[in-house]
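So the chains spell out like this:
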Amino acid sequence: MQITGAEIVVRCLQEEGVEFVFGYPGGAVIDIYDAIFKQNQFRHVLVRHEQAAVHAADAYSRSSDKVGVALVTSGPGATNAVTGIATAYMDSIPLVVLSGQVPTPAIGMDAFQEVDMVGITRPCVKHNFLVKNVAELAVTIKKAFHLAKSGRPGPVVVDIPKDVTQHLAEFNYPDSLSVRSYVPVTRGHSGQIKKAVNLLAGAERPLIYIGGGAVLGDAAAEVRDLVQSLGLPCTNTLMGLGAYPGSDRQCLGMPGMHGTYEANMAMQYCDVLVAVGARFDDRVISVPSHFLSQPKKIIHIDVDPSSIAKRVKVDIPIVGDVKLVLRDMLEQWRQGEHGLHAAALAGWWKQIEAWRAHDCLKYAVSDTLIKPQFVLQKLYEVTGGQAIITSDVGQHQMWAAQYYRFDAPRRWINSGGLGTMGFGLPAAMGAQLANPDATVACVTGDASIQMNIQELSTCKQYHIPVKVVNLNNRYLGMVRQWQEMFYGNRYSETYMDALPDFVKLAEAYGHVGMRVEHPGDVEPALREAFAMKERLVFLDVITDQSENVFPMVQNGRGLNQMDLPPHMRDVQDAPFENNRDYGNMC
Amino acid sequence: MRHILSILLENEAGALSRVVGLFSARAYNIDSLTVATTEDPTLSRMTIVTHGSEDVIEQITKQLNKLIEVVKVIDLNESEHIEREMMLIKVRSTGKEREEMKRMADIFRGRIIDVTDKTYTIELTGTSEKLNAFIEAVDRTAILETVRTGASGIGRGERILKI
């Protein structure tokens, strides 16, 4: 029996076991929405802006291990989705984004709500398709899901002209398919793994550097096995938080621009570095030449060959699925009865403990002003470290990454690569829908939250009881910090004047709003908010405006040249200019 | 250093723009690019002449391989290869220049494929250097128009690029 293209789309999504489609209707997808109306196998979540649909689908994926699905109309619906797609692309998140397109005869005619979606998204998708023939629709959607989740994951766009959704075809959904030009490597090369094992066995100052690939590759168990059975220090990047338990002694915290003192020093001074699904990003290693100025051997495990030797030359590249490679590595390690250089490793740990003893995340507590770090610590305590935390982008994001110790993967949901303000709230929606029993909190700031605040309405409609923790410092805090440090305190356009009354705003959307203005009220307010399990609670926390994120590695500097918090100003190897005249280093 | 890359890719709409977009997005150089369908109509063969450090060429190769529609990429510089480029060049040829131009075309194994009483159009095939040499050899003011295809390359001997 022949069915319409719109019905084919719905059947494909059902075949894929999709639970939620995040979207927004419009002229070009009206037939698909009609087909959705007639089914009840998956739920559609009506967002208030297409960007939020993609972020929600993205976080749905990040917090589970399923492919996220978004559906948008042509033209402005499609362009609104682009920021979400680019966000997912930079962090390698598997998504299928279905966009409507004008009917095929109208393509190229500058038709109403026409935009070249395939052209616009080409640089920020893993792949994209324009479906010109209804007979190819099902197999194209199958390919989209296959591409999105295999190899290095990423978003795939399927652009579907309106007439294709109306034309008829038989529905045949292939069980599997092979793409001759796309065969991702899964198993690592055993010879390379052997070399890596031998190199690691000879290490005196080893370090495991764990990135987002370990989360996406579901390799947390293997990472833990490697780190714990060998007794190695490790560091989780911003994208890798939770891949190894953040509260464990062997974890040195996050490396990079706002990483811990001990993690950055260990990154700089290790002699064998094992990168697991990490890509030596500029925010992590800063300047490659400085990073390599301390001689070290590098083992790099990644599913994407193009991530290897992109910024940093490595000694032993291993292309493969991180989970499988780590398993093979451990197997070889155990078979070969390798042992580490015990005395050297003990000395290395002693050095690390000395670095850690500086307690670089210590901050001055205040009786009158709420310190943002204090809020994150209390959030960690009140939620028992078990919540899924989404974040926006800026200072609050860094504080959340520093002070909330993630002990499991897929609990820390943030836009790491693209740095998309406005990500947090729609991400919280997606994470909550994927994990209905979990506690979900969105850590945000007064600037970021306003970039997708309309989604409070979506949360109301679908009873999504996330908790919004708004660290309100009345500034674009991270930019203000740079202006203070590098631009002579000229706070150009970073003061958020005319902020709304967030409490009233939350109430206007039908939620609970609470304002917290005194340090003593932070914990009680958090407890009260999280006790309201059925309600979205918006906590507007008025924080110290002058607080900066430390440690900090300025652009152009090495990892051991951090600007450190006040109590560490006399620490060697990381000069801290306390006159705050940093010069223009950016 | 100059490299000549051979790429086998799916003959699909948009595949070319993915390759070109990759080069511009990542600030790689394209000195020339040729593409056409192969004997298998589902595949296209592309030759890209580029230049860059060894690190950059390695990244270009990896990034090309990452494109879903790219089936295979080889760097022809890695072993013996042959490359050819074709040029159509229209030159002024009047009076005593006419004989001189004919002789020059012969020396370069060119063929005159169109003649008017004032011009010759010469077809010239060879390496890109040879075509450059011809342009250098003739009086620059006599050149009216040039069209070059960009280089196509193929491995020597048994070396083949096929799926």
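On a predicted model such as this, the values are computed, not experimentally measured, just so you know.

Analysis parameters
Residues numbered from 1 in each chain as written. Chains lettered and ligands numbered in written order. Predicted model: local features only at pLDDT ≥ 70, side-chain atom pairs only at ≥ 80, totals over all residues. Heavy atoms only, no water. Helix = DSSP H or I, 4+ residues; strand = E, 2+ residues; numbered from the N terminus. Rg over C-alpha atoms; globule rule 2.2 N^0.38 Å. Buried < 20%, exposed > 50% of the residue type's maximum accessible area, 1.4 Å probe, protein only. Contact = heavy atoms within 4.5 Å. Areas by Shrake-Rupley, 256 points an atom, 1.4 Å probe, with all protein chains shown as cover. Lys, Arg positive; Asp, Glu negative; His and termini not counted. Charge placed at Lys NZ, Arg CZ, Asp CG, Glu CD. Domains from an automatic or database assignment. Buried area = accessible area lost by both parts, 1.4 Å probe. Polar contact = N/O pair within 3.5 Å; in protein donor to acceptor, adjacent residues only side chain to side chain. Nonpolar A, V, L, I, M, F, W, Y, C, P; charged D, E, K, R; others polar. Pairing = 2+ DSSP bridges. Axes fitted to C-alpha atoms, helices over the stretch in contact; angles between N-to-C directions. Salt bridge = Lys/Arg side-chain N within 4 Å of Asp/Glu carboxyl O. Expected span 1.5 Å × (residues − 1). Arc of directions from axis to C-beta. Parallel < 35°, antiparallel > 145°, perpendicular 65-115°, else oblique. Left-handed = near helix turned anticlockwise from the far one by under 90°. 1 Å grid on protein atoms, 1.4 Å probe; cavity = no way out; pocket = protein on both sides within 12 Å on 5 of 7 lines; lining within 4 Å. Points joined across faces, edges and corners; volume = space filled by probe spheres on them. Right-handed = clockwise from strand over helix to strand, strands pointing away.

A. Quick look at the overall build of chain A. What chain A contains, in helices and strands, is 22 helices and 19 strands. Taking 586 residues into account, the globule formula puts the C-alpha radius of gyration at 25 Å, and chain A, at 24 Å, falls close to it. Once the C-alpha set of chain A is aligned to its principal axes, its extents read approximately 75 × 60 × 45 Å. Burial status across chain A gives 61% buried among its 586 residues. Contacts in chain A between residues far apart in sequence, at least 24 positions, make up 77% of those at least 6 positions apart. Total accessible area on chain A is roughly 21,700 Å²; 50% of this is exposed by carbon and sulfur atoms. Once the 52 positive and 61 negative side-chain charges of chain A are each reduced to a mean point, those two points are 4 Å apart.

B. Examining the domain arrangement of chain B more closely. Residue and element names in this part refer to chain B. By domain assignment, chain B separates into domain 1 (2-78) and domain 2 (82-152). Just the C-alpha atoms count here: the centres of domain 1 and domain 2 sit 29 Å apart. With seven residues of domain 1 in contact, the opposing surface of domain 2 contributes seven residues. Contact with domain 2 buries area across many residues of domain 1, yet Arg2, Ile4 and Thr34 alone supply 66% of it, more than any other trio. Here domain 1 and domain 2 share two residue pairs in polar contact (both at pLDDT 80 or more) between them. Looking at the side of domain 1 that touches domain 2, the elements that each hand over two or more residues are strand E1 (2-10), strand E2 (32-37) and strand E3 (43-51). When residues in the side of domain 1 that touches domain 2 are grouped by element, the largest group, three residues, is from E2. A breakdown of the residues in the side of domain 1 that touches domain 2 according to their chemical character gives three nonpolar, three polar and one charged.

C. Broad picture of the sheet that holds strand E4 (residues 68-72) of chain A. Residues and elements named next belong to chain A. Spatial ordering of the open sheet is given by E3-E2-E4-E5-E7-E6, a layout of six strands whose pairing is parallel. The outermost strands of the open sheet, each flanked by one partner alone, are strand E3 (43-46) and strand E6 (127-130). With direction set aside, neighbouring strand axes in the sheet form an average angle of 20 degrees. With four bridges joining them, E6 and strand E7 (residues 155-161) adopt parallel strand pairing. Following the sheet pairing, Phe129 is matched in E7 by Val158. Here helix H6 (residues 137-149) sits on the sheet in contact with E4, strand E5 (95-101), E6 and E7, set at roughly 165 degrees to E7.

D. Region of the structure containing the domain arrangement of chain A. All names here are of chain A. The domains assigned to chain A are domain 1 (2-170), domain 2 (190-356) and domain 3 (372-542). Each of domain 1 and domain 3 has a C-alpha centre, and the two are 29 Å apart. Between domain 1 and domain 3, the contact holds 26 residues from the first and 27 residues from the second. Overall, the association of domain 1 and domain 3 removes approximately 2,100 Å² of surface from exposure, summing both partners, and the carbon and sulfur fraction of that is 61%. In terms of surface lost to domain 3, no three residues of domain 1 exceed Arg48, Arg62 and Ser63, which account for 29% of the buried area on that side. In this structure, the connection of domain 1 to domain 3 is made through zero salt bridges. Counting the contacts that link domain 1 with domain 3 gives 12 residue pairs in polar contact (both at pLDDT 80 or more). Broken down by element, the side of domain 1 that touches domain 3 gets its largest block of residues, nine residues, from helix H3 (residues 50-62). When the residues that make up the side of domain 1 that touches domain 3 are grouped by side-chain class, the tally is 11 nonpolar, nine polar and six charged.

E. Region of interest: helix H15 (residues 342-356) of chain A. Residues and elements named next belong to chain A. Its 15 residues give H15 an end-to-end C-alpha distance of 21 Å, which sits within 8% of 21 Å, the value for a rise of 1.5 Å per residue. Among all positions of H15, only Ala344, Leu345, Trp348, Trp349, Ile352 and Trp355 are buried. On an axial view of H15, the arc spanned by its buried residues comes to 135 degrees, and they lie on one face. Opposite the packed face of H15, turned more than 90 degrees from it, sit the exposed residues Ala342, Ala343 and Lys350.

F. Just the packing of helix H10 (residues 220-230) of chain A against helix H14 (residues 322-335) of chain A, in detail. Residue and element names in this part refer to chain A. Taken N-terminus to C-terminus, the directions of H10 and H14 make an angle of 30 degrees; their axes are 9 Å apart at the nearest point. Taken together, the axis directions place H10 and H14 in an arrangement best described as roughly parallel. For the crossing formed where H10 meets H14, the hand is left-handed. Taking contact as the criterion, the partners of Glu222, Val223, Asp225, Leu226, Ser229 and Leu230 in H10 are, on H14, Lys323, Leu326, Arg327, Leu330, Trp333 and Arg334. For the contact of H10 with H14, the residue count by class is six nonpolar, one polar and five charged.

G. Representation of the layout of surface pockets. By volume, the second largest pocket amounts to about 690 Å³. Lining the second largest pocket are 27 residues, with Phe129 and Leu130 of chain A together with Glu12, Ala13 and Glu69 of chain B positioned closest to its centre. For the lining of the second largest pocket, the secondary structure elements donating two or more residues are E6 and H6 of chain A. Split into classes, the residues belonging to the lining of the second largest pocket amount to 11 nonpolar, six polar and 10 charged.

H. Seen up close, the pairing of strand E17 (residues 467-472) of chain A. Residues and elements named next belong to chain A. Among the six residues that make up E17, six are buried, leaving the element largely enclosed by the rest of the structure. Of the two faces of E17, the one lined by Lys467, Val469 and Leu471 and the one lined by Val468, Asn470 and Asn472 are each fully buried. Since strand E16 (residues 440-445) and E17 lie parallel, the crossover through helix H19 (residues 455-461) that links them has a hand, and here it is right-handed. In the sheet, E17 pairs with strand E19 (residues 537-542) via six bridges, with the strands oriented parallel. Bridged to Asn470 within E19 is Asp540.

I. Examining the interface of chain B and chain A more closely. Opposite the 19 residues of chain B that make contact, chain A presents 17 residues. Overall, the association of chain B and chain A removes approximately 1,600 Å² of surface from exposure, summing both partners, and the carbon and sulfur fraction of that is 46%. As a salt-bridge pair, Glu10 of chain B and Arg180 of chain A come within 2.7 Å of each other at their nearest N and O atoms. Viewed at the interface, chain A and chain B are joined by 11 residue pairs in polar contact (both at pLDDT 80 or more). Of all the elements in the fold, those that place two or more residues in the side of chain B that touches chain A are helix H1 (15-25), helix H2 (54-66) and strand E4 (70-75) of chain B. In terms of residues, the side of chain B that touches chain A owes the most to one element, H2 of chain B, which gives six residues. In the side of chain B that touches chain A, the residues fall into five nonpolar, five polar and nine charged.

J. Inspection of the sheet that holds strand E13 (residues 316-319) of chain A at higher detail. Residue and element names in this part refer to chain A. Spatially, the five strands line up as an open sheet ordered E10-E9-E11-E12-E13, and their pairing is parallel. With one partner strand each, in any of the chains shown, strand E10 (234-236) and E13 form the two edges of the open sheet. Between one strand and the next, the sheet's axes are offset by a mean angle of 15 degrees, whatever the strand orientation. Taken together, the four bridges between strand E12 (residues 297-302) and E13 define a ladder with parallel strand orientation. Considered in E13, the bridge of Ile301 is made with Ile318. Here helix H8 (residues 190-201) sits on the sheet and contacts strand E9 (206-210), strand E11 (272-276), E12 and E13; the angle it forms with E13, its principal contact strand, is near 135 degrees. Sheet contacts for helix H11 (residues 261-269): E9, E10 and E11; angle to E9, the most-contacted strand, approximately 115 degrees.

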